[in-house]
Amino acid sequence: MRVKYLKRDLTTIRSFLFLHRPKTLLMDKHTIGSTVGTTLDRFINDKQAEFPFATGELSQLLRDIALAGKIINREVNKSGLLDIAGAYGATNVQGEEQQKLDVIADIRFIRALKNGGEVCAIVSEEKDDLIRLNANSRYVVAMDPLDGSSNIDVNVSIGTIFSIYRRLSPIGTPVQMEDVLQKGDRQVAAGYILYGSSTMLVYTTGHGVNGFTFEPTLGEFLLSHQNMKCPKNGNIYSINEGSYQSFEPSVKGYLQYCKAEKYSARYIGSLVADFHRNLLKGGVYMYPSTEKAPNGKLRLMYECNCLAFIIEQAGGMATDGQRRIMEIRPTDLHQRVPLFIGSSDMVSKARTFREG
Ligand code: AHG
Ligand code: MN
Ligand code: MN
């Protein structure tokens, strides 16, 4: 008798649970089998297969850069534990005080690219001159090995920025300056690594932008942000307003507009981190000319061009206030330009203040 009642109760409980089951499944069936979670290596290989005449050299170079990123990530993560924080005791070609991690990142990056063998020359923020590597290789790399040096010692996000060009002179001959001083619209790939609350690698080869998050226990970058798009408009503006007094009237005018629109001011002081946030959320980053930096502070070859390529691929814009960044012909390895980059409507709006 008791067994019969127990069975009846169980049936009632089962029907109750079935009727009140969660309406959404924990995993949407459409996400099963999606490419999110693909390793960077697999992704690069799959993409290469889409280009019938690809030789695999660019794919190998991208893998070498990812390896350098993992190594720098390891070093960055030890900051505070080992004696790798603080000033190195020297200045770079631009008269800026080098931090120990700037120098470590530079060494690690150059070593990884040298060992990889796919690069004929490197332009680095930390080196006055061109670094000549394998003359039998096809690619030139411009890089900011560690961006956001002022944030290293205070545990705030920093990054690495890179840009890849195909050389113009024949393979096997000495690299010429014209191989390196190419306009941004000649880039074949560009990307950045963000050492933030998680470490991410974001890159483009001119077919959209994809982001990969580092999974430290696997030691792999996994696809997490597929086909990234920057919102057309946004409400974040990022600028070091401490220099307000020396901004041109057009920049002051646009800042007044941002305030009137009640936009949010967000400025980390690491270009990569500020850029990444605005790419995801919609916003504009500005580094205009100032009294201290009449041509702006940021470098065309290894900061502005790389991020300009990425933002355009994500539907955004990058100008020096007037001209498209990627159309500026570089004349110097360490040339600086003003930068206005982010959501296309915001960058366009900033430009209207200059025009009228
Ligand atoms: P880097 O550390 O490679 O020299 O670059 C620092 C740059 C950039 O990351 C940042 O947006 C900008 O400098 C901040 O400059 P201010 O301190 O003048 O705002
Ligand atoms: Mn930098
Ligand atoms: Mn740097």
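Sequence order as written defines residue numbering, which begins from 1 separately in each chain. Whichever chain is written first is A, and whichever ligand is written first is 1; the rest continue in order. Side-chain atom pairs in this predicted model are given and counted only at pLDDT of 80 or more, local residue features only at pLDDT of at least 70, and totals for whole chains, interfaces and linings cover all residues.

1. Notes on the overall build of the protein chain
- Labels follow the DSSP assignment, with helices taken as runs of H or I lasting at least four residues and strands as runs of E lasting at least two, numbered in each case from the N terminus. A count of helical and extended segments in the protein chain gives nine helices and 15 strands.
- Considered along the principal axes of its C-alpha atoms, the protein chain spans approximately 95 × 55 × 45 Å.
- To sort residues by burial, count the other C-beta atoms lying within 10 Å of each one's C-beta; a count of 20 or more means buried, 12 or fewer means exposed, and anything in between means partly exposed. C-beta atoms are built from the backbone. Put simply, the protein chain has 356 residues, and 44% of those count as buried.
- We call two residues in contact if the C-beta atoms placed from their backbones are at most 7 Å apart. Long-range contacts, defined here as pairs at least 24 residues apart, represent 63% of the contacts in the protein chain between residues at least 6 apart.

2. Digging into the environment of Ile110
- Relative to the assigned elements, Ile110 resides in helix H4 (residues 100–116).
- Through-space distance from the C-alpha of Ile110 to that of Leu58 is 17 Å; in sequence the pair is 52 residues apart.
- Excluding residues within four positions of it along the chain, Ile110 makes contact with Ile122, Ser124 and Ile131.

3. With respect to the sheet that holds strand E6 (residues 158–166)
- Strands qualify as paired when DSSP identifies two bridges or more between them. Here we have eight strands laid out as an open sheet, ordered E4-E3-E5-E6-E7-E8-E9-E10, and mixed in their pairing. Two strands lie at the open edges of the sheet, namely strand E4 (131–132) and strand E10 (220–225), each paired on one side alone.
- Pairing analysis gives five bridges linking strand E8 (residues 199–204) to strand E9 (residues 209–215), with the strands arranged antiparallel. Bridge pairing links Thr204 to Val209 in E9.

4. Quick word on the sheet that holds strand E14 (residues 317–319)
- Taken in spatial order, the five strands of this open sheet run E12-E11-E13-E15-E14, and their pairing is mixed. This sheet does not close on itself; its edge strands, each paired only once, are strand E12 (264–265) and E14.
- With two bridges connecting them, strand E11 (residues 236–238) and strand E13 (residues 284–287) associate as parallel partners. The residue bridging Ser238 from the neighbouring strand is Tyr285, located in E13.
- To obtain an axis, a line is fitted to C-alpha atoms, over the contacting stretch when the element is a helix, and the angle between two such axes runs from 0 to 180 degrees between their N-to-C directions. Each of E14 and strand E15 (339–342) is contacted by helix H8 (residues 300–313), which is oriented at about 150° to E14, the strand it contacts most.

5. Here we look at the domain arrangement of the protein chain
- When cut into domains, the protein chain gives domain 1 (40–225) and domain 2 (236–355).
- Taken residue by residue, the interface counts 34 residues in domain 1 and 28 residues in domain 2.
- For the side of domain 1 that touches domain 2, the elements supplying multiple residues, two or more each, are strand E5 (139–147), E6, strand E7 (187–195) and E8.
- Considered class by class, the residues forming the side of domain 1 that touches domain 2 number 16 nonpolar, 13 polar and five charged. As used throughout, domain bounds are those supplied by an automatic or database domain assignment. We call Asp, Glu, Lys and Arg charged. Ala, Val, Leu, Ile, Met, Phe, Trp, Tyr, Cys and Pro are nonpolar, and the rest, Gly among them, are polar.

6. Remarks on the site of ligand 1
- Whether a residue is near a molecule or strand depends on its C-beta atom, generated from backbone atoms, being within 6 Å of that molecule or strand. The environment of ligand 1 is formed by Glu96, Glu125, Asp144, Asp147, Gly148, Ser149, Ser150, Asn240, Gly269, Ser270, Leu271 and Lys297.
- Both domain 1 (40–225) and domain 2 (236–355) contribute no fewer than three residues apiece to the shell around ligand 1.

7. With respect to the packing of helix H3 (residues 57–78) against H4
- Between H3 and H4, the shortest axis-to-axis distance is 9 Å and the interhelical angle comes to 150°. In terms of their interaxial angle, H3 and H4 are classed as roughly antiparallel. Pair H3 / H4 crosses with right-handed handedness. Contacts between H3 and H4 involve Gln60, Leu61, Asp64, Leu67, Ala68, Ile71, Ile72, Glu75 and Val76 from the first element and Leu101, Ile104, Ala105, Arg108, Phe109, Ala112, Leu113 and Gly116 from the second.
- Taken together, the residues of the contact of H3 with H4 sort by class into 12 nonpolar, two polar and three charged. Small angles under 35 degrees read as roughly parallel and large ones over 145 as roughly antiparallel, with 65 to 115 read as roughly perpendicular and the rest as oblique. Should the near helix be turned anticlockwise from the far one by less than a right angle, the crossing is termed left-handed; should it be turned clockwise, right-handed.

8. Here's the deal with the nonpolar core
- Ranked by internal contacts, the top residues of the largest apolar core, which has 92 residues, are Val141, Leu307, Ile311, Leu339 and Ile341.
- Here this core gets 10 residues from one element, more than from any other, and that element is H8.
- Counting the residues that make up this core, at least three belong to each of domain 1 (40–225) and domain 2 (236–355).
- Discounting residues that sit within four places of it in the chain, Leu307 has contacts with Ile161, Phe275, Ala318 and Ile341. Nonpolar cores are built from buried Ala, Val, Leu, Ile, Met, Phe, Trp, Tyr and Cys residues. These are joined into a set through C-beta atoms within 7 Å.

9. Some details on the environment of Thr205
- Looking at the secondary structure, you find Thr205 in the loop between E8 and E9.
- When the C-alpha atoms of Thr205 and Ala189 are compared, they prove to be 4.2 Å apart, with 16 residues separating the residues in sequence.
- Residues within four places of Thr205 in sequence aside, it is in contact with Val188 and Ala189.

10. What about the packing of helix H6 (residues 249–260) against helix H9 (residues 344–355)?
- As a packed pair, H6 and H9 sit with axes 8 Å apart at the nearest point and diverge in direction by 130°. Our classification of the angle between H6 and H9 gives oblique. Pair H6 / H9 crosses with right-handed handedness. Mapping the contact onto sequence places Ser250, Gly253 and Tyr254 in H6 and Ala350, Phe353 and Arg354 in H9.
- Residues of the contact of H6 with H9, tallied by class, amount to three nonpolar, two polar and one charged.

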